[in-house]
Amino acid sequence: MEDLSLHILDIAENSIEAQAKRIDIRIEENHRLDRMILEISDDGRGMDKALRVKALDPFVTTKTARRIGLGLSLLAQAAKAAAGKLTLRSRPGRGTKVRATFELSHIDRKPLGDIAQTLATLIVAHPGLDIRYVHQADQRTYVFDTRDLRSQLGGISLATPQIVAVIRKAIQEEIHKIRRTS
Amino acid sequence: MPKLTIQDLEKIREQARRGLVIREGGAFKAKINVHMGTCGIAAGARTIMTALMKEVERRDLHDILLTNSGCAGLCSQEPMVTVELAGRAPVKYVNLTETKIQEIFEKHVLGGTIVKDYALGIGSEKTDY
């Protein structure tokens, strides 16, 4: 994966595969602590201990767990390369929370990438999914929530690419604003 | 929280008035499924999806459904999409680029002609008795 926004898309697709109806994405960039945190939580079916262990191992994976295995181990590798780590919290029936940390200024930390494109892809392909995106860049925070959007749009489906294009541009601008001086 | 601006919402409502949006539960002329397993995403599936969104937006279409699915087991041939026109058999396209998907969109999705060069396989095997 070239950047973190692609990892986010990949992990979110895992959540959807696990029947999640809601996905919470949180990004924190803290220059004072030289830290970056990426969290993706879902309300999907969750994993038991055996699957949790398997999910992080790129080589031991069953056919049905194939997608889970590779994606998480790639994100773990990306975190490790930037002096961070990946933690996985999951229980059957209780959803899954993936947390990856990075040293913000680390030379091997992957760039954030195009978050707006990732969110737009998730929205257009899964219009019924609730996505909440919270991005904190030092003192500034941006929140995007599909539920607010849906109530603003009435009966118009989020599967409409024309609408997602407008949303994508709005997200891009807002993220650019909060990260501007950081 | 920062929301879409009033101008953004106005633009969306204007499109709704002109009937250019997909209503929930509407019918589709074509469904395009972008395969988005880890393999697909790493190979550029998001670029393909974005290119498709731009085609739909640019041409102001409102009967094309864009969706995605997981790994189809042909990871080395990603990015892949499946194009399904209403009432016709689905066709899988492999090793895609932005240019290829634009061509497929124009010829197959809009024109109804399968782009054989990029399709996974079209009856190339023969059984001789």
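Everything numeric in this text was worked out from a predicted model, so none of it was measured.

**Re the overall build of chain B**
- Each helix and strand counted, chain B has 4 helices and 4 strands in total.
- Listed by position from the N terminus, the elements making up chain B come as α-β-α-α-β-β-β-α.
- When burial is assessed residue by residue, chain B has 44% of its 129 residues classed as buried.
- Excluding contacts between residues fewer than 6 apart, the proportion of contacts in chain B whose partners are at least 24 apart in sequence is 61%.

**Some words on unusual backbone geometry**
Residues and elements named next belong to chain B.
- Here Glu78 and Pro79 are connected by a cis peptide whose omega angle stands at -5°.
- Along the chain, Pro79 turns up in the loop between strand 2 (64-69) and strand 3 (81-85).
- Its identity is not glycine, yet Asn95 carries a phi of approximately 50°, on the positive side.
- Along the chain, Asn95 falls in the loop between strand 4 (91-93) and helix 4 (98-110).

**Here's the deal with the pairing of strand 1 (residues 22-30) of chain A**
Residues and elements named next belong to chain A.
- Inspection of the sheet shows strand 1 paired to strand 5 (residues 130-137) by 8 bridges, in the parallel sense. From the neighbouring strand, Ile23 faces strand 5, where its bridge partner is Ile131.
- When strand 1 meets strand 2 (residues 35-42), the two strands line up antiparallel, connected through 8 bridges. In the sheet register, Arg26 faces strand 2, and the bridge partner there is Glu39.
- Here strand 1 folds back onto strand 2 in antiparallel fashion, the turn holding 4 residues, of which Asp34 has a positive phi close to 50°.

**Describing the sheet that holds strand 1 (residues 30-35) of chain B**
All names here are of chain B.
- Across the sheet, which stays open at both edges, the 4 strands sit in the order 2-1-3-4 with mixed pairing between neighbours. The strands lining the two open edges of the sheet, one partner per strand, are strand 2 and strand 4. Each adjacent strand pair in this sheet contributes to an overall mean axis angle of 20°, direction not counted.
- Taken together, the 6 bridges between strand 1 and strand 2 define a ladder with parallel strand orientation. Of the residues in strand 2, the one forming a bridge with Ile32 is Leu66.
- Against the sheet, helix 4 contacts strand 1, strand 2, strand 3 and strand 4, and its axis sits at roughly 15° relative to strand 3.

**Structural notes on the packing of helix 4 (residues 115-125) of chain A against helix 6 (residues 161-179) of chain A**
Residue and element names in this part refer to chain A.
- Following both chains from N to C, one finds helix 4 and helix 6 inclined at 150°, their axes separated by 9 Å at the closest point. Between helix 4 and helix 6, the interaxial angle falls into the category roughly antiparallel. Crossing of helix 4 over helix 6 shows right-handed handedness. For the pair helix 4 and helix 6, the contacting residues are Ile115, Ala116, Gln117, Leu119, Ala120, Ile123 and Val124 in the first and Pro161, Val164, Ile167, Arg168, Ile171, Gln172 and Ile175 in the second.
- Considered class by class, the residues forming the contact of helix 4 with helix 6 number 11 nonpolar, 2 polar and 1 charged.

Cut-offs applied
Residues numbered from 1 in each chain as written. Chains lettered and ligands numbered in written order. Predicted model: local features only at pLDDT ≥ 70, side-chain atom pairs only at ≥ 80, totals over all residues. Heavy atoms only, no water. Helix = DSSP H or I, 4+ residues; strand = E, 2+ residues; numbered from the N terminus. Buried < 20%, exposed > 50% of the residue type's maximum accessible area, 1.4 Å probe, protein only. Contact = heavy atoms within 4.5 Å. Pairing = 2+ DSSP bridges. Axes fitted to C-alpha atoms, helices over the stretch in contact; angles between N-to-C directions. Parallel < 35°, antiparallel > 145°, perpendicular 65-115°, else oblique. Left-handed = near helix turned anticlockwise from the far one by under 90°. Nonpolar A, V, L, I, M, F, W, Y, C, P; charged D, E, K, R; others polar.

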